[in-house]
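Given next are the chains, with one letter for each unit.
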Amino acid sequence: MAKSKLIKTNEKIAEKATSAFEKIESTVVGGYTKIEDAFVNHYLAKDGESVSQAKERLRQEHKI
């Protein structure tokens, strides 16, 4: 069966809305990660410790 123009238009709108949401989500999460990394690096990392090492150390400390 052929799809009506309304169904095709709704599918295009849904695809564009989903794509826009994914772009916004990626931007927000990326921005948050940059801020989090800067905070950890500046305030929580010990001398010579990388950001990822500091985050892992903090996770381990939090579990205890």
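Residues numbered from 1 in each chain as written. Predicted model: local features only at pLDDT ≥ 70, side-chain atom pairs only at ≥ 80, totals over all residues. Heavy atoms only, no water.

## Observations regarding the overall build of the protein chain
- Each helix and strand counted, the protein chain has two helices and zero strands in total.
- Relative to the compact-globule value of 11 Å for 64 residues, the protein chain shows a C-alpha radius of gyration of 22 Å, a clear excess of over 25%.
- Taking the principal axes of its C-alpha atoms as reference, the protein chain extends roughly 65 × 25 × 15 Å.
- Considering the protein chain as a whole, with its 64 residues, one finds that 8% of them fall into the buried category.
- Accessible surface computed for the protein chain: about 5,900 Å², of which carbon and sulfur atoms make up 61%. (Helix = DSSP H or I, 4+ residues; strand = E, 2+ residues; numbered from the N terminus. Rg over C-alpha atoms; globule rule 2.2 N^0.38 Å. Buried < 20%, exposed > 50% of the residue type's maximum accessible area, 1.4 Å probe, protein only. Areas by Shrake-Rupley, 256 points an atom, 1.4 Å probe, with all protein chains shown as cover.)

## Side note on a nonpolar patch on the surface
- A cluster of nonpolar side chains, Phe 39, Tyr 43 and Leu 44, forms an exposed patch at the surface whose accessible area comes to about 320 Å².
- The residue Phe 39 is located in helix α1 (residues 5–44) in this model. (Patch = residues over 30% accessible without salt bridge, like charges linked within 9 Å, V, L, I, M, F, W, Y side chains within 5 Å. Salt bridge = Lys/Arg side-chain N within 4 Å of Asp/Glu carboxyl O.)

## Describing the packing of aromatic side chains
- Taken as a whole, this structure holds one aromatic pair when the rule is applied.
- Ring geometry for Phe 39 versus Tyr 43: centroids 5.0 Å apart, planes at 45 degrees, classification tilted. Residue Phe 39 and its partner Tyr 43 are both found in helix α1; the two are separated by four residues, about one turn of the helix.
- Relative accessible area serves as the criterion here: at 56%, Tyr 43 is assigned to the exposed category. (Phe/Tyr/Trp six-rings, centres within 6.5 Å; stacked < 30°, edge-to-face > 60°.)

## Re the pattern of salt bridges
- Summed over all chains, the structure comprises six salt bridges.
- The residue Glu 49 makes a salt bridge to Arg 57 at a minimum N-O spacing of 3.0 Å. Of the two residues, Glu 49 and Arg 57, both sit in the buried class.
- The salt bridge involving Arg 57 is made with Glu 61; its shortest N-O contact spans 3.2 Å. Here Glu 61 and Arg 57 lie together in helix α2 (residues 51–63), a separation of four residues that amounts to about one turn.
- Overall, the relative accessible area of 43% leaves Glu 61 in the partly exposed class.
- Salt bridges linked by common partners bring Glu 36, Asp 37 and Lys 55 together as one network.

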